[in-house]
Amino acid sequence: MNRRRLLSSCFALALVLCGCGKAAKPRPTEPWATGFWVWNAEAAAPSSAIVDVLYVQAPFSDKVPKAREYWLTFRESNVCPNRIVSPAGQTTIYDPLGDRLVTANIPGWMDALKGRSVRGLQLDIDCPTRSLVDYAKFLAEVRKQLPPGKELSITALLDWFRDGTDIAKVIEQVDEFVPQFYDVGNAYDDPVIAAKVDAEKWAPRFNRFEKRYRIGISTFGRGRLPFSRKLYRAIMPLDVANDRNYRLTSEHNESGELVLNYDPIQGGERTQFIVPTPESVRAAVESAKKMGGYAAGVVFFRWPNAEETLVMPPEEVLGLPLQAAALETEAGDCVAVSCADLYLVRASRFTPAEVEYRIHTSIDIEYAVPSELLPIRVTSPKEMVVRIPPFGAKPKLHLGRVVTSKPAVFTLEVR
């Protein structure tokens, strides 16, 4: 060994022995986790799926879906922590959540989820990038109030990770961060919700912090009036699909989401729906797995409410077998005759072709009172037909009321 190589080796050994060299932090050893945000536990759709982790918005109820691990999530979208300088020159940190968080008893919130494995607290606060320094100070104060052994997580806007920001100071205060890959543009102008999960671009920006992170992926849809620049939740595809005054065209946007355009034939404004597809979600997950480093999973936004149409059910998100469509009946309060309200549940979502369902009865039908939205049609004494237009399914569809001389048994056939 020559003199130069010997000196170099001795210098490197000395750095290690004295602790002067910076050793790389070990990468996460925990398995890849798949989770959801639950924004309304009281109305959460039932599911047989048991996921790895759920981030449950407070306040919550006992109807939280099943998971192996839970996080308590606080949401605030309108304000952000910031410095307030008093006339006397004193600086304090403004708490956007008020009595709900920093001045409240965080352990009390944790205790409310007793019986479940609660890993920690997550803050979902959309801070302006210019306020990240103040956000970091705010997080340091929150950390002090966490119960022993509980972790702190945050959601993160992609803009925070561009060059020249103070995001490093924020990440320093947390155990985990969840970048959100959706709604990075203008929802009023752009026919896209999901942002492309580009591992080559984002992995270096996330892994450099040497801290666990999970990728936030959208599984929700949205209705729009693109020309009026309005968003809405009350109108679903079925509300216009049966209207002969509209013509439907469909396409896929740059993120692979399905875009449904309902254009009026004579005057009026386009109605548009943007919905995720199994293919678009699967592609985002595969890209997230390519990030390597400290990437530890994905979190889907969000777990659907029981009768939501534009949000993917957990089974579809996870690639699990979907339960077949079925018929539910509710006995009416008719006198002298028997009547029942019929509901079609779990009909195929966003099928590009019309789907016909036939309903058979055990005894003759006296008459039927069809629903206004999706009417049933009596085709024989013991048979009725209902047709769902393309992309028109909902989790639960009221078909109408059927009257028979005595209680009947109803069976469903898919054509």
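The coordinates are above.
Quick caveat: nothing in here was measured; it's all calculated off a predicted structure. (Residues numbered from 1 in each chain as written. Predicted model: local features only at pLDDT ≥ 70, side-chain atom pairs only at ≥ 80, totals over all residues. Heavy atoms only, no water.)

A.B. asks: Can you help me understand the side chain of Ser-371 in this one?
C.D. replies: Structurally, Ser-371 can be placed in the loop between β19 (365-370) and β20 (377-380). At 3.1 Å, the side chain of Ser-371 and the backbone oxygen of Leu-374 are in polar contact. At a separation of 2.9 Å, a polar atom in the side chain of Ser-371 contacts the main-chain carbonyl oxygen of His-398. Beyond its immediate chain neighbours, meaning those up to four positions away, Ser-371 contacts His-398, Leu-399 and Gly-400. (Helix = DSSP H or I, 4+ residues; strand = E, 2+ residues; numbered from the N terminus. Polar contact = N/O pair within 3.5 Å; in protein donor to acceptor, adjacent residues only side chain to side chain. Contact = heavy atoms within 4.5 Å.)

A.B. asks: Before we go on, may I ask you to explain the pattern of salt bridges in this structure?
C.D. replies: Overall, the coordinates contain 30 salt bridges when judged by the stated rule. The partner of Arg-212 in a salt bridge is Glu-176, and the shortest N-O contact between them spans 3.0 Å. Here Arg-212, found in the loop between α5 (199-207) and β9 (213-218), pairs with Glu-176, found in strand β8 (residues 176-181); they are 36 residues apart in sequence, far enough to count as distant. For Glu-176, a relative accessible area of 0% gives the class buried. Three or more residues joined by partner-sharing salt bridges are found here, namely Glu-30, Glu-69, Arg-119, Glu-151, Glu-176, Arg-212 and Arg-214. (Salt bridge = Lys/Arg side-chain N within 4 Å of Asp/Glu carboxyl O. Buried < 20%, exposed > 50% of the residue type's maximum accessible area, 1.4 Å probe, protein only.)

A.B. asks: How should the layout of surface pockets be read in this particular structure?
C.D. replies: One water molecule sets the probe size; rolling that probe over the atoms shows where empty space is left. Each pocket or cavity is described by its volume, and for the largest pocket that value is around 1000 Å³. Around the largest pocket, the lining is made up of 34 residues, and of these Asp-183, Phe-220, Arg-222, Arg-233 and Phe-301 lie nearest the centre. Residue assignment for the lining of the largest pocket shows that the elements contributing at least two residues are β10 (222-225) and β11 (230-232). The residue inventory of the lining of the largest pocket, partitioned by class, reads 16 nonpolar, seven polar and 11 charged. Taken as a whole, the second largest pocket holds about 780 Å³ of empty space. Lining the second largest pocket are 34 residues, and of these Pro-313, Glu-315, Gln-323, Arg-346 and Pro-395 lie nearest its centre. The residue inventory of the lining of the second largest pocket, partitioned by class, reads 18 nonpolar, seven polar and nine charged. (1 Å grid on protein atoms, 1.4 Å probe; cavity = no way out; pocket = protein on both sides within 12 Å on 5 of 7 lines; lining within 4 Å. Points joined across faces, edges and corners; volume = space filled by probe spheres on them. Nonpolar A, V, L, I, M, F, W, Y, C, P; charged D, E, K, R; others polar.)

A.B. asks: Just to check I follow, could you spell out unusual backbone geometry for this structure?
C.D. replies: Geometrically, the link from Phe-301 to Arg-302 is a cis peptide bond, its omega value of 15° lying close to zero. Within the secondary structure, Arg-302 sits in the loop between β15 (295-301) and α8 (314-318). The phi dihedral of Glu-210 is positive, around 55°, even though this residue is not glycine. Within the secondary structure layout, Glu-210 lies in the loop between α5 and β9. For Glu-210, a relative accessible area of 23% gives the class partly exposed. Unlike most non-glycine residues, Arg-346 shows phi in positive territory, near 60°. Tracing the backbone through its elements, the reader meets Arg-346 in the loop between β17 (338-345) and β18 (355-361). Here Arg-346 falls in the partly exposed class, since its relative accessible area comes to 36%.

A.B. asks: Just to check I follow, could you spell out the sheet that holds strand β14 (residues 271-275) for this structure?
C.D. replies: Strand-to-strand pairing in sheets goes through backbone hydrogen bonds, with the strands running parallel or antiparallel. Reading across from one edge, β11-β10-β14-β13-β12 is the order of the five strands in this open sheet, with antiparallel pairing throughout. Two strands in the sheet have a free side with no partner beyond their single neighbour: β11 and β12 (246-252). Adjacent strand axes in the sheet meet at a mean angle of 25° when their direction is disregarded. Relative to strand β13 (residues 258-264), β12 runs antiparallel, the two being bridged by seven bridges. Residue pairing for β13: Thr-249 is matched across the bridge by Asn-261. (Pairing = 2+ DSSP bridges. Axes fitted to C-alpha atoms, helices over the stretch in contact; angles between N-to-C directions.)

A.B. asks: So what exactly am I meant to see when it comes to empty space enclosed by the protein here?
C.D. replies: Summed over all chains, the structure comprises one cavity of 30 Å³ or more. Reported here for the largest cavity is a volume of approximately 50 Å³. Considering the residues around the largest cavity, the lining is formed by Ala-347, Ser-348, Thr-351, Ala-353, Val-355, Tyr-357, Ile-388, Pro-389, Phe-391, Gly-392 and Ala-393. Its residues placed into classes, the lining of the largest cavity shows eight nonpolar, three polar and no charged.

A.B. asks: Sorry if this is basic, but what is going on with the state of the cysteines here?
C.D. replies: Here a disulfide denotes one covalent bond, and it connects the sulfur atoms of two cysteines. Taken as a whole, this structure holds one disulfide when the rule is applied. In this model Cys-334 forms its disulfide with Cys-339; the gap between the sulfur atoms is 1.9 Å. On the S-S bond that ties Cys-334 to Cys-339, the torsion sits near 105°, and the link is right-handed. (Disulfide = S-S within 2.5 Å.)

A.B. asks: Could you clarify how one ought to interpret the environment of Ser-287 in this entry?
C.D. replies: Relative to the helices and strands, Ser-287 is located in helix α7 (residues 278-289). Here the alpha-carbon distance between Ser-287 and Ile-215, two residues 72 residues apart in the chain, equals 9.9 Å. Look past the residues within four positions of Ser-287 in its chain and what remains in contact with it is Val-197 and Ala-199.

A.B. asks: What exactly am I supposed to notice about the packing of aromatic side chains here?
C.D. replies: The geometry of two aromatic rings is summed up by the distance between their centres and the angle between their planes. All told, the structure shown has 23 aromatic pairs when counted by the stated rule. When the centroid spacing of 5.4 Å and the interplanar angle of 85° are considered together, the rings of Trp-39 and Phe-301 count as edge-to-face. Linking Trp-39 in the loop between β1 (33-38) and β2 (51-57) with Phe-301 in strand β15, this pair joins segments that are 262 residues apart in sequence. For Trp-39, a relative accessible area of 23% corresponds to the partly exposed category. Each ring, one from Tyr-135 and one from Phe-138, has its centre 6.3 Å from the other, and the planes form 20°; the classification is stacked. With Tyr-135 and Phe-138 both in helix α3 (residues 132-144) and three residues apart, the pair spans about one turn of that helix. Relative accessible area serves as the criterion here: at 0%, Tyr-135 is assigned to the buried category. Owing to a relative accessible area of 1%, Phe-138 belongs among the buried residues under this scheme. (Phe/Tyr/Trp six-rings, centres within 6.5 Å; stacked < 30°, edge-to-face > 60°.)

A.B. asks: Quick question: what am I supposed to make of the nonpolar core here?
C.D. replies: The nonpolar side chains of soluble globular proteins are, as a tendency, buried together. Leu-54, Leu-123, Tyr-135, Phe-206, Ile-215 and Met-291 are the most contacted members of the largest nonpolar core, which has 61 residues in total. By residue number, the principal contributor to this core is α3, which donates six residues. Within the second largest apolar cluster, 22 residues are counted, among which are Tyr-357, Ile-365, Ala-393 and Val-402. (Core = buried A, V, L, I, M, F, W, Y, C linked by side-chain atoms within 4.5 Å.)

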